[in-house]
Amino acid sequence: MDTSAFQPMQGMTDLAAPEIALWQRLEAEARRTLALYGFTEVRTPVVEQTAVFTRSLGETTDVVQKEMYTFTDRGGRSLTLRPEGTAGVIRYALGLGVESDGARLYYIGPMFRCERPQAGRKRQFHQLGVEAFGAPNPAADAEIIAMQLHLLEAWGLKGFTLDLNTRGVPEDRPAVTQGLADAARPHLGALCADCQRRFETNILRLLDCKKESCRQIVAGLPPTTQFMSAESRQYLDEVLRLLQKIGVPARVNPQLVRGLDYYVHTVWEIRHGALGAQDALSGGGRYRVTMGDKTFDGVGFAIGLERAIMAVQKDNPTLTQEQPRLMVWLVSMGAAALTANLDLAQNLRRQGVACGLDLAARSMKAQMRAANKSGATTVLIRGDQELEQGTVTLKNMADGTQQAVPLAELTARLM
Ligand code: AMP
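Here the structure is a predicted model, which is why all the values come from computation and not from measurement. (Residues numbered from 1 in each chain as written. Predicted model: local features only at pLDDT ≥ 70, side-chain atom pairs only at ≥ 80, totals over all residues. Heavy atoms only, no water.)

**Notes on the site of the ligand**
Surveying the vicinity of the ligand reveals 14 residues, the closest of which are R113, E115, K122, R258 and L281. Note that an oxygen atom of the ligand is positioned 3.0 Å from one of the backbone N or O atoms of L281. Within the backbone of G304, one N or O atom sits 3.4 Å away from an oxygen atom of the ligand. For the ligand, whose unbound accessible area comes to 480 Å², protein coverage reaches 89%. At the level of elements, β6 (124-133), β10 (280-291) and β11 (294-304) are the ones that each hand at least two residues to the shell around the ligand. Considering every element that reaches the shell around the ligand, the biggest residue donor is β10, with three residues. Its residues assigned to classes, the shell around the ligand comprises four nonpolar, four polar and six charged. (Near = heavy atom within 4 Å. Polar contact = N/O pair within 3.5 Å; in protein donor to acceptor, adjacent residues only side chain to side chain. Areas by Shrake-Rupley, 256 points an atom, 1.4 Å probe, with all protein chains shown as cover. Helix = DSSP H or I, 4+ residues; strand = E, 2+ residues; numbered from the N terminus. Nonpolar A, V, L, I, M, F, W, Y, C, P; charged D, E, K, R; others polar.)

This is the structure:
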């Protein structure tokens, strides 16, 4: 039989125990930290009308041109699996109307990009992202960056660096495009095929080409700030001043552009040494997106959770260890004891004690094997004799000692 039909799609994986425990720890820690800054969660659909993404992310971005899972549904509509979270959150904020101003929202969930799968690059991956809506303000950008570092520290991460740059205001674009084109034109023939296309469609993207031959050329180009307005340069300076004041180490990387068209002013990226070739842990920036008849100003970031997990496994291995917990395994000798144990297990679970028991009334030996395998700290044994006397036999799995305990004292004894 051909079983390939029952495999997950390439670049998509199942997430389950034991690693899922670490995902849950990171998510819980993130929820706690983000709440300190007044953020609340939003869960938007994973499928949106394609225009939600094409209009906001920009028609010429790589994500829109090459990476979206777009399909026509039965009603003939063009739909897309979300490749990122910001567009959906803005679509949601549009429905909020005036209340969206000042809104602070975060999301955690899967994103879909039809990229060539490789180490660190999946087709379904997960992001934790935040969006803070409000007019451009260097203090808002600095606060969000500081919050992000607070979160990474709460996860126990250390080996990361923060690169920062500015995209300037939209009015700077013609001068930046012109200035870069003039500087890059003499090298056009030496650029890779992708960059030759970008030269025409989206020249900024030249700056973050990963090919070594392009990088050498790019290193010789003037920084884009040289072509920007004084307003844009002052905005960047103020963000840097504030970050320094609040103790956030950032360095300006003039080659940093980020992939999407909607960015204005501050953009940043966080890299981590444990991630190998795909070392970007997170990207963020300030954006201006027009959707419907409304323009949204906001600042936010998205952290790749698969990569965050890898980084945590390196920097904070104790977080990855299973937490010891009280667990009782109930062993039943005979049908009457099984019925009584089923009831007792429910009572214990209501009091917060994790319980397991053999439901197939197997032999004592098989039940003890199961108890061992479960990792239970205590085994509770009952047969006809215990039922008659109103007791249970407790076996301490650490030292093997056994003791009869009256049922009435059980909870106190377990706790
Ligand atoms: P981006 O907005 O594309 O910079 O994505 C933000 C973060 O999501 C990146 O820094 C990565 O950590 C993560 N990410 C993006 N694309 C992928 C992918 N294909 N597989 C795994 N993680 C990804």
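Right, picking up where we left off after that structure.
**Comments concerning the packing of helix α5 (residues 138-154) against helix α9 (residues 230-245)**
Across the interface, α5 lies against α9 with an axial gap of 9 Å and an inter-helix angle of 45°. Overall, the two elements α5 and α9 adopt an arrangement that is oblique. At the point where α5 passes α9, the crossing takes the right-handed sense. Taken together, the residues of α9 that come into contact with α5 (itself represented by P138, A139, D141, A142 and I145) are Y235, E238, V239, L242 and L243. In the contact of α5 with α9, the residues fall into eight nonpolar, no polar and two charged. (Axes fitted to C-alpha atoms, helices over the stretch in contact; angles between N-to-C directions. Parallel < 35°, antiparallel > 145°, perpendicular 65-115°, else oblique. Left-handed = near helix turned anticlockwise from the far one by under 90°. Contact = heavy atoms within 4.5 Å.)

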